[in-house]
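Report on the structure
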Amino acid sequence: MNSYGLLAGKTGVIFGALNESSIAWAIAEAALREGARFALSNAPVARRLGSLDKLAEASGSPVIWADATKDGDLQTLFEQVKMHYGQIDFIVHAIGMGVNVRKRVPYEKLNYDWYAKTLDISAVSLHRIVHHSLETGAMRHGGSILTITYIGAQRSFSHYSEMGDAKALLESIVRTWGSRLGKYGIRINAISQSPTRTTAGQGISGFDAMYEFGNQMSPLGNADAASCGDYAVTLLSDLTRMVTMQTLYHDGGFSSMGIASEFVQPLMEKLKG
Ligand SMILES: NC(=O)c1ccc[n+]([C@@H]2O[C@H](COP(=O)([O-])OP(=O)(O)OC[C@H]3O[C@@H](n4cnc5c(N)ncnc54)[C@H](O)[C@@H]3O)[C@@H](O)[C@H]2O)c1
């Protein structure tokens with residue numbers, strides 16, 4: 001992909017790149033190609049689980065370890081970012097984890113402490129990040145904030161379980177913050193992404209079936225992480241300066257489909273027989 005220089009001169013923070021399969025990693029690569037400079041952040045535990053230092057080295061980015069559920073970590077992060085870059089133009093929040101989902105606890109029997117942790121990591125962390133970016137004065141007028149969601153916020157996907165609730169809250173936070181960020185000239189949006197083979201994605205039991213269903217149902221097939229990176233940079237650029245408070249589907253057409261002929265055909269044959 002050629003560079004269009006969409007983010008030339010812009011700076012930001014990208015949360016959530018764990019390894020090469022992460023959506024945040026693909027966004028970082030696309031942002032770098034488009035001329036941005038950015039700090040990378042992840043939870044301290046990701047230091048031994050992932051390979052963020054590799055991305056940091058390749059992109060010449062500082063890494064600031066911060067648990068996105070901890071106010072102190074986020075306050076310090078934005079102070080450091082401000083010292084490094086001055087005010088920044090964008091924030092990417094690509095953080096999520098379903099604790100019950102990962103531990104294979106069904107929705108009917110949720111452990112509520114884990115459920116609260118799921119909501120805190122996957123949704124409330126966006127609220128905290130926006131809050132601390134404002135408190136520290138780290139975001140510039142005209143800035144763009146982006147998060148990554150899934151259509152499980154609107155529709156029930158059996159194995160997505162508690163994560164559907166987390167994404168519904170996440171998308172609501174986008175709207176509720178968005179109405180307040182306008183006066184700072186800051187916009188906020190969510191990309192609703194296809195099932196993507198990442199560490200978080202594959203932590204969901206039945207992920208392969210959801211992936212296959214999405215792929216067969218979507219006229220263009222599932223959108224991959226690299227194309228999500230390309231879409232993300234348009235939303236971080238000035239080209240989309242009047243877009244805010246939106247859930248934007250990046251899913252090969254899945255969200256507008258009812259049923260694809262791949263699924264009708266076998267049913268017709270079954271009914272005939
Ligand atoms: N993979 C998919 O199918 C898919 C589809 C739609 C949306 N999403 C969303 O995309 C986002 C990125 O996930 P991904 O699929 O790239 O997986 P990923 O596992 O690569 O990224 C999730 C990231 O969240 C980080 N994280 C977890 N707890 C944290 C904490 N307390 N503080 C800071 N960071 C923390 C992890 O370390 C990891 O880097 C998530 O919000 C996910 O729900 C994923």
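This text goes with the structure placed above it.
As a starting point, this report considers the structure included with it. (Residues numbered from 1 in each chain as written. Predicted model: local features only at pLDDT ≥ 70, side-chain atom pairs only at ≥ 80, totals over all residues.)

Glancing now at the sheet that holds strand β3 (residues 63–65). Whenever strands of a sheet pair, they do so through backbone hydrogen bonds, lying parallel or antiparallel. Taken in spatial order, the 7 strands line up as β3-β2-β1-β4-β5-β6-β7 in an open sheet, and their pairing is parallel. A strand with exactly one partner marks an edge of an open sheet, and here the two such strands are β3 and β7 (247–250). Each strand axis lies, on average, 20 degrees off the axis of its neighbour in the sheet, ignoring direction. Here 4 bridges tie strand β1 (residues 11–15) to strand β4 (residues 88–93), and the two strands are oriented parallel to one another. Looking at β4, one finds that Val13 is bridged to Ile91. Taken strand by strand, helix α3 (residues 52–59) contacts β2 (37–42) and β3, and its axis lies near 175 degrees from that of β2. (Pairing = 2+ DSSP bridges. Helix = DSSP H or I, 4+ residues; strand = E, 2+ residues; numbered from the N terminus. Axes fitted to C-alpha atoms, helices over the stretch in contact; angles between N-to-C directions. Contact = placed C-beta atoms within 7 Å.)

This brings us to the pairing of β1. Taken across its 5 residues, β1 has 4 buried, putting it largely inside the fold. When β1 meets β2, the two strands line up parallel, connected through 5 bridges. From the neighbouring strand, Phe15 faces β2, where its bridge partner is Ser41. Where the polypeptide runs from β1 across helix α1 (residues 23–33) and back to β2, its parallel neighbour, the crossover connection is right-handed. (Buried ≥ 20, exposed ≤ 12 C-beta atoms within 10 Å, placed from the backbone. Right-handed = clockwise from strand over helix to strand, strands pointing away.)

On to the packing of helix α6 (residues 112–135) against helix α7 (residues 162–181). Two measures define how a pair of helices packs: the angle their axes make with one another and the distance between the axes. Their axes nearest at 9 Å, the elements α6 and α7 cross at an angle of 15 degrees. Compared by their axis directions, α6 and α7 come out roughly parallel. As for how α6 packs across α7, the hand of that crossing is right-handed. Taking contact as the criterion, the partners of Tyr115, Thr118, Leu119, Ser122, Ala123, Leu126, His127 and Val130 in α6 are, on α7, Glu162, Met163, Ala166, Leu169, Leu170, Ile173 and Trp177. Looking at the contact of α6 with α7, its residues break down into 11 nonpolar, 3 polar and 1 charged. (Parallel < 35°, antiparallel > 145°, perpendicular 65-115°, else oblique. Left-handed = near helix turned anticlockwise from the far one by under 90°. Nonpolar A, V, L, I, M, F, W, Y, C, P; charged D, E, K, R; others polar.)

Right, let's talk about the site of the ligand for a bit. Surrounding the ligand, one finds 26 residues, the nearest of these being Ser22, Gly96, Thr198, Ala200 and Gly201. If you list the elements that add at least two residues to the shell around the ligand, you get α1, β5 (139–149) and α8 (199–202). A total of 3 residues in the shell around the ligand trace back to one element, the largest contributor, which is α8. Considered class by class, the residues forming the shell around the ligand number 14 nonpolar, 11 polar and 1 charged. (Near = placed C-beta within 6 Å.)

Within the secondary structure, Ser51 is located in the loop between α2 (46–49) and α3. For Ser51 and Asn19, which are 32 residues apart along the polypeptide, the C-alpha to C-alpha distance reads 5.2 Å.

A positive phi angle is found at Arg104, which is not glycine, with a value near 60 degrees. Structurally, Arg104 is set in the loop between α5 (99–102) and α6. The residue Ser161 is not glycine, and still its phi comes out positive at about 50 degrees. You can see Ser161 is positioned in the loop between β5 and α7.

Right, let's talk about the environment of Gly164 for a bit. Take Gly164: it is sitting in helix α7. Expressed as a C-alpha distance, the spacing of Gly164 and Tyr150, which sit 14 residues apart in the sequence, is 7.9 Å.

Take the nonpolar core next. By size, the foremost hydrophobic cluster in this structure holds 68 residues, and its most contacted members are Ile14, Ala24, Ile27, Ala28, Ala31, Val92 and Ala232. With near-sequence residues (within four places) excluded, Ala24 lies in contact with Ile14, Phe15, Gly16, Ala17, Val92 and Ala94. Formed by 5 residues, the second largest nonpolar core is a distinct cluster that contains Tyr150, Ala153, Met217 and Phe254. (Core = buried A, V, L, I, M, F, W, Y, C linked by C-beta atoms within 7 Å.)

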